[in-house]
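Remarks on the overall topology
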Amino acid sequence: MSNNQESKELNSTTEEINKGGYFNVYSLWDIEPVKAKGCNVWDTKGIKYLDFYGGHAVISIGHTHPHYVQLLKDQIDKIVFYSNSVVNRLQDELREKLGELSGYIDYSLFLCNSGAEANENALKLASFKTGKKKVIAFNDAFHGRTSGAIAVTDNPAIQAPFNNGHEVVFLPLNDMGAVEEAFKADDIAAVIIEPIQGIAGIFPADIEFLQQLETLCNEQGVILIADEIQCGYGRSGKFFAHQYANIKPDIISIAKGMGNGFPIGGILISPKFEAKEGLLGTTFGGNHLACAAAIAVLDVMKDEDLVNNAAEMGTYLQDQLKGCIGIKAIRGKGLMVGVELEPEYAGLRNKLLFENHIFTGGAKNNVMRLLPPLSISKDEIDIFIQAFKKQTQQ
Ligand SMILES: Cc1ncc(COP(=O)(O)O)c(C=O)c1O
């Protein structure tokens, strides 16, 4: 190969590499957070933002909480990871603390790394137990993007043909008649439900619906899976949102707030399931560093009574919102609040972000999702409400 040819090939390779970049699947705000504390983040320009989005419902105890930072740093100095083929007492400590705080002391815990993975394992376990494969899910549900989780997600736009092989029936939320009809066929492995639908725009399931669903599932040996990935871990003002209905699902999937930003997910599993070697498994799930993060979260939730704070601050937030104009509907519980805006306020989220420096979440049909850290204070809610009023009354 001549020198010329060689340099040409080298150049074209370099050009191709330069054409690359992060796979472009997210719509980005041009803001780069570099520091965070409590309910605030700061960007490269030193601008301080109020976080009413919790980084997509993930920040539970507040950004960079000192106890969380300390436990993670201490753990890094000791051991970050070893495989699931050795004893890891941190997993036991996490299970005990989670059981105590959530009221599920008799449930066992399986750890993984994300919400989708948690649901994937929940569905698999339900299918193992019942020997069946049909799953009932609800219209507008979101359960994640892995193969089973996306099959029970009601959004064809994000399903590849590869994901189409599952037997899933979508029913209207809160329609018990439709569920009873579907249960006539004795072929259902599981029902999966978000006790408060998140991505759909914050729609709580009715209390009676959840109760009747539990009864029907118990009567027919169908596994009830509560997807508490977004609405759980204190966000609703109870540890789990389904606890408003006093029900006990067979499997509860958790992630998001569990690690306050460190990737960790899991399922809480009823004693009616028997573990068998090799039934479930993962390389990274339940690693030392992830457990340290999740333990720190539970410590702070307990010490600072954050579940009750979420309940109180959620009520305060909804009361304050009731005095605002531009709102068609307010939905949700605790610090999981959906604000459906009048059409003329469609651009409000961007205005709050770029003019008032407040992050909020969104959902279709002009819904603003408020998902601040569970440690949010009245003063911080007042800042948000003032900005909201300013933007809607101009
Ligand atoms: C209710 C619910 N389930 C599952 C998931 C998927 O979680 P992850 O993105 O961690 O896979 C999400 C994420 O937004 C969610 O809101």
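Note that the coordinates shown come from a computational prediction; the quantities given were computed from them, not determined experimentally.

Structural notes on the sheet that holds strand S11 (residues 251–254)
- Spatially, the 7 strands line up as an open sheet ordered S4-S12-S11-S10-S7-S5-S6, and their pairing is mixed. What marks the edges here is a single partner per strand, and that holds for strand S4 (108–112) and strand S6 (168–171). Each strand axis lies, on average, 20 degrees off the axis of its neighbour in the sheet, ignoring direction.
- Pairing of strand S5 (residues 134–138) with strand S7 (residues 188–193), which is carried by 3 bridges, proceeds in the parallel orientation. Across the sheet, residue Ile-136 finds its bridge partner in S7, namely Val-191.
- Lying on the sheet, helix H5 (residues 115–130) is in contact with S4, S5, S7, strand S10 (223–227), S11 and strand S12 (265–269); it crosses S10 at an angle near 175 degrees.

Side note on the sheet that holds strand S13 (residues 327–333)
- Overall, mixed pairing links the 7 strands, which are arranged S1-S2-S3-S15-S16-S14-S13 in an open sheet. Edge strands, defined here as strands with exactly one partner in the open sheet, are strand S1 (33–37) and S13. Averaged over all pairs of adjacent strands, the angle between their axes in this sheet comes to 30 degrees, without regard to strand direction.
- Taken together, the 4 bridges between strand S14 (residues 336–341) and strand S16 (residues 367–370) define a ladder with antiparallel strand orientation. Paired with Val-337 across the strands is Leu-370, a residue of S16.
- Lying on the sheet, helix H12 (residues 378–393) is in contact with strand S2 (40–43), strand S3 (48–52), S13, S14, strand S15 (358–363) and S16; it crosses S3 at an angle near 95 degrees.

Some thoughts on the packing of helix H4 (residues 89–102) against helix H9 (residues 288–303)
- Orientation of H4 relative to H9, taken along the N-to-C sense of each, is 30 degrees, at an axis distance of 9 Å. Our classification of the angle between H4 and H9 gives roughly parallel. Helix-helix and strand crossings are classified by hand; for H4 and H9 the assignment is left-handed. Between H4, through Leu-90, Gln-91, Glu-93, Leu-94, Lys-97, Leu-98, Glu-100 and Leu-101, and H9, the contact on the second element is made entirely by His-288, Cys-291, Ala-294, Ile-295, Leu-298, Asp-299, Met-301 and Lys-302.

Let's talk about the domain arrangement of the chain
- As assigned here, the chain comprises domain 1 (31–61 + 305–393) and domain 2 (66–303).
- For domain 1 and domain 2, the distance between their C-alpha centres works out to 26 Å.
- Facing 28 residues of domain 1, the contacting portion of domain 2 comprises 33 residues.
- A combined buried area of about 2,500 Å² lies between domain 1 and domain 2, and 61% of that area is made up of carbon and sulfur atoms.
- Of all residues in domain 1, Ile-61, Lys-333 and Met-336 give up the largest surface area on contact with domain 2, accounting jointly for 30% of the area buried on that side.
- Taken together, the links from domain 1 to domain 2 amount to 1 salt bridge.
- Of the charged contacts, one joins Asp-140 and Lys-364 as a salt bridge, the two residues approaching to 2.9 Å between their closest N and O atoms.
- On the surface where domain 1 and domain 2 come into contact, there are 14 residue pairs in polar contact (both at pLDDT 80 or more).

What counts and what doesn't
Residues numbered from 1 in each chain as written. Predicted model: local features only at pLDDT ≥ 70, side-chain atom pairs only at ≥ 80, totals over all residues. Heavy atoms only, no water. Pairing = 2+ DSSP bridges. Helix = DSSP H or I, 4+ residues; strand = E, 2+ residues; numbered from the N terminus. Axes fitted to C-alpha atoms, helices over the stretch in contact; angles between N-to-C directions. Contact = heavy atoms within 4.5 Å. Parallel < 35°, antiparallel > 145°, perpendicular 65-115°, else oblique. Left-handed = near helix turned anticlockwise from the far one by under 90°. Domains from an automatic or database assignment. Buried area = accessible area lost by both parts, 1.4 Å probe. Salt bridge = Lys/Arg side-chain N within 4 Å of Asp/Glu carboxyl O. Polar contact = N/O pair within 3.5 Å; in protein donor to acceptor, adjacent residues only side chain to side chain.

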